[in-house]
Amino acid sequence: NRSSPSTMMNQRASQSSWWQRLATIGSCVGSSNYLPHYLFFITANHHRKMQCILLGIASPSPDTDETLWCLVTRQVTHINDTTILTWVNSSTASDEDQQGQRTLLLCAIISDDDVTSSITDDVVNAVSTAAERNAELWATAPAILPLRPVDGYDRYIKYHNSISSDILKESSWAKQTMKEYGLFFHSALVDKSTVDELREEIMSEIKLTEDLIRLHHPEINIGTDFISFKEIGSRGNERFDLLLLEQTNIREIIEKRVVQLISPVVESILGSNEVDFDLSVVYSKPGAPDQGWHADGDHQKGAEDVRWHIDGWKSHLADAYALCVFIPLIDLDDETGYTQFWPASHQSRGLAGFGPVAQITESTFNGVCNAGDAIWYDYRTMHRGMQNCSSKLRPVIQILFRRRWYSETRNYGTVGIAEAKRGTLSECSQHATGAA
């Protein structure tokens, strides 16, 4: 009496706007772990095709989760003589299509000479039989998808020491955490008096820059028109990235009170003492909408990612070539908005375009924090700015640390505000692709 996989998928697609959106990019993902993180290890066979598959099964409790995991992973290991399944991990999420029903997510890697939709249907049927309840296909993907641990992210990416500054003495913890999750949280990096001083300076710098745009380009509607100057670029409506190029008081404060303090940890993570830094302020005005998912930097050409190696972040993932440190200058909450991250999304170049998957599987980390706290993240980690529903401007200091051979060329324009000809918006915007 169980519906066929194709019928279930069609029913789900007709019921869910989320599913329709995700279907256009060809996948959905999410999950976390019952077994130790990344228990299995797979070496990809170049003559076989690999695919990640995510299934959902209604599950009322953690005890049921464990029972279902054991049943499925022990009974469903092969579909036929050629199709092999390796179960990677599991998590839970609320199924919005089923009135928020608690759902166990089971994630596996399919290995076959030719992974087809019929094989996917066979997997769904086999799991439904083993679990003795309907399984639904939530996602397929061309890479291992990072999934939220069962017990959440906090114990893994927040440094649990009574003295937060001790993180600066624990470069090995910082390096490993950045390698595995692509980010970590650092409380109270900057003291309150410095935050207040920086905020005052930054607000003046923002006003000065926007006044300069109005003077030289009165045709530009700041906040709605796309701009890309050498000094500043828009990052969506009412959202901007202001590069602090000159030796201002802001740069002097950051260099003396922050950069010099954290440089040893930065150099450990980047694996080099030849490191430069760029300084900017990312600010969102009231009314700024949710930003699109993106990574600030690409995986470098020829650099390895985890591919199909389950524990690949340890031995295969190329080291970071750049990292950012975000320091908000006001407290960030649901009203002001914050930056939302997808932990471990830096591990594979194949995850580009899959950001919405993190949302429906509850695999995001929300950067709610206090002024002066810091979030460090790998330049390849996917993230997005959330909407600003408050009446306050939301300024965040961004320090980009980069290996000396790397230069940021795509996130800003090449023409200065005073240099660009008046009335040539297209000329200003053609020089930069800009992070969305």
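Everything numeric in this text was worked out from a predicted model, so none of it was measured. (Residues numbered from 1 in each chain as written. Predicted model: local features only at pLDDT ≥ 70, side-chain atom pairs only at ≥ 80, totals over all residues. Heavy atoms only, no water.)

Draft legend 1. Examining the sheet that holds strand β2 (residues 84–95) more closely. The sheet built from four strands is open, its strands ordered β2-β3-β1-β4 with antiparallel pairing. Where the open sheet ends on each side, the last strands, each with one partner, are β2 and β4 (135–141). Shown here is a sheet whose adjacent strand axes are inclined to one another by a mean of 25°, direction ignored. Taken together, the eleven bridges between β2 and strand β3 (residues 101–112) define a ladder with antiparallel strand orientation. Bridged to Ser94 within β3 is Arg102. Along the sheet, helix α4 (residues 117–131) makes contact with β1 (49–58), β2, β3 and β4, crossing β1 at roughly 35°. (Pairing = 2+ DSSP bridges. Helix = DSSP H or I, 4+ residues; strand = E, 2+ residues; numbered from the N terminus. Axes fitted to C-alpha atoms, helices over the stretch in contact; angles between N-to-C directions. Contact = heavy atoms within 4.5 Å.)

Draft legend 2. Region of interest: the nonpolar core. Ile232, Ile262, Val325, Ile327, Trp376, Ile399 and Phe401 are the most contacted members of the largest nonpolar core, which totals 50 residues. Secondary structure elements with two or more residues in this core: α6 (171–181), α7 (192–216), β7 (239–243), α8 (249–270), β8 (275–284), β9 (322–328), β12 (374–378) and β14 (394–403). Per-element tally for this core: the top contributor is α8, with ten residues. In this structure, Ile327 is in contact with Leu189, Val190, Val258, Gly372, Asp373, Ala374, Val396, Ile397 and Ile399, ignoring residues within four places of it in sequence. Judged by nonpolar contacts, the second largest core, of 24 residues, contains Met50, Trp138, Ile144 and Val357. (Core = buried A, V, L, I, M, F, W, Y, C linked by side-chain atoms within 4.5 Å. Buried < 20%, exposed > 50% of the residue type's maximum accessible area, 1.4 Å probe, protein only.)

Draft legend 3. A look at the pairing of β4. Counting buried positions over the seven residues of β4 gives seven, a clear majority of the element. Relative to β4, β1 runs antiparallel, the two being bridged by six bridges. Bridging from a neighbouring strand, Cys52 pairs with Ala141 of β4.

Draft legend 4. Local environment of the pattern of salt bridges. Scanning all chains against the criterion turns up 21 salt bridges. When salt bridges that share partners are traced, they join Lys207, Glu210, Asp211, Arg214 and Lys285 into one network. (Salt bridge = Lys/Arg side-chain N within 4 Å of Asp/Glu carboxyl O.)

Draft legend 5. View of the sheet that holds β7. Taken together, seven strands build an open sheet; the order of strands is β5-β12-β9-β14-β8-β7-β6 and the sheet is antiparallel. In this open sheet, the two edge strands, each paired with only one partner strand, are β5 (183–186) and β6 (232–234). Direction aside, the axes of adjacent strands within the sheet are offset by 20° on average. Pairing analysis gives ten bridges linking β8 to β14, with the strands arranged antiparallel. Each bridged residue has a counterpart across the sheet, and for Tyr283 the counterpart in β14 is Pro395. Lying on the sheet, α6 is in contact with β5 and β12; it crosses β5 at an angle near 135°.

Draft legend 6. Structural context of unusual backbone geometry. Located in the positive-phi region is Glu238, a residue other than glycine, with phi close to 60°. Secondary-structure assignment places Glu238 in the loop between β6 and β7. Phi at Arg307 is positive, roughly 50°, even though this residue is not glycine. Take Arg307: it is sitting in the loop between β8 and α9 (312–315).

Draft legend 7. Representation of the packing of helix α3 (residues 62–75) against α4. Packing of α3 against α4 brings their axes to within 9 Å, and their N-to-C directions diverge by 130°. Relative to α4, the element α3 lies oblique. Crossing geometry of α3 relative to α4 is assigned as right-handed. Here Leu68, Leu71, Val72 and Gln75 of α3 come into contact with α4, specifically with Val127, Ala130 and Ala131. Its residues assigned to classes, the contact of α3 with α4 comprises six nonpolar, one polar and no charged. (Parallel < 35°, antiparallel > 145°, perpendicular 65-115°, else oblique. Left-handed = near helix turned anticlockwise from the far one by under 90°. Nonpolar A, V, L, I, M, F, W, Y, C, P; charged D, E, K, R; others polar.)

Draft legend 8. Region of the structure containing α4. Across its 15 residues, α4 extends 21 Å between first and last C-alpha, which sits within 8% of the 21 Å expected from 1.5 Å per residue. When we look at burial in α4, the residues that qualify are Ile119, Thr120, Val123, Val124, Val127, Ser128, Ala130 and Ala131. Phi turns positive, to about 60°, at Glu132, one or two residues after α4. (Expected span 1.5 Å × (residues − 1).)

Draft legend 9. Molecular detail of the pairing of β9. The element β9 is extensively covered by neighbouring structure, given that seven of its seven residues are classed as buried. Because side chains alternate across β9, one face comprises the buried residues Ala322, Cys324, Phe326 and Pro328, and the other comprises Leu323, Val325 and Ile327, equally buried. In this structure, β9 lies alongside β14, joined through seven bridges in antiparallel fashion. The partner of Pro328 across the bridge, within β14, is Val396. The sheet contact formed by β9 and β12 spans four bridges and is antiparallel. From the neighbouring strand, Val325 faces β12, where its bridge partner is Trp376.

Draft legend 10. Molecular detail of the side chain of His299. Of note, His299 is situated in the loop between β8 and α9. At a separation of 3.2 Å, a polar atom in the side chain of His299 contacts the main-chain carbonyl oxygen of His346. A polar side-chain atom of His299 sits 3.5 Å from the main-chain amide nitrogen of Arg349. Non-local contacts of His299, meaning those with residues more than four positions away in its chain, are made with Asp305, His346, Gln347, Ser348, Arg349 and Arg380. (Polar contact = N/O pair within 3.5 Å; in protein donor to acceptor, adjacent residues only side chain to side chain.)

Draft legend 11. Geometry of the packing of aromatic side chains. According to the stated counting rule, one finds twelve aromatic pairs in the structure shown. Look at Phe277 and Phe401: their rings are 6.2 Å apart centre to centre, the planes differ by 45°, and that puts the pair in the tilted class. Taken together, the positions of Phe277 in strand β8 and Phe401 in strand β14 put the pair 124 residues apart, joining distant regions of the chain. Across the pair, Phe401 and Phe277 agree in class, each one buried. Seen in terms of ring centroids, Tyr321 and Trp405 are 6.0 Å apart; in terms of plane orientation they differ by 40°. Their pairing is tilted. Pair noted here: Tyr321 is in the loop between α9 and β9 and Trp405 is in the loop between β14 and α11 (425–429), with a separation of 84 residues, a long-range link. A relative accessible area of 52% places Trp405 in the exposed class. Cluster of aromatic residues (ring-pair linked, three or more members): Tyr321, Tyr379, Trp405 and Tyr406. Sitting above the plane of the Phe185 ring, Lys158 keeps its charged end 4.9 Å from the centroid. (Phe/Tyr/Trp six-rings, centres within 6.5 Å; stacked < 30°, edge-to-face > 60°. Lys NZ or Arg CZ within 6 Å of the ring centre and 35° of its normal.)

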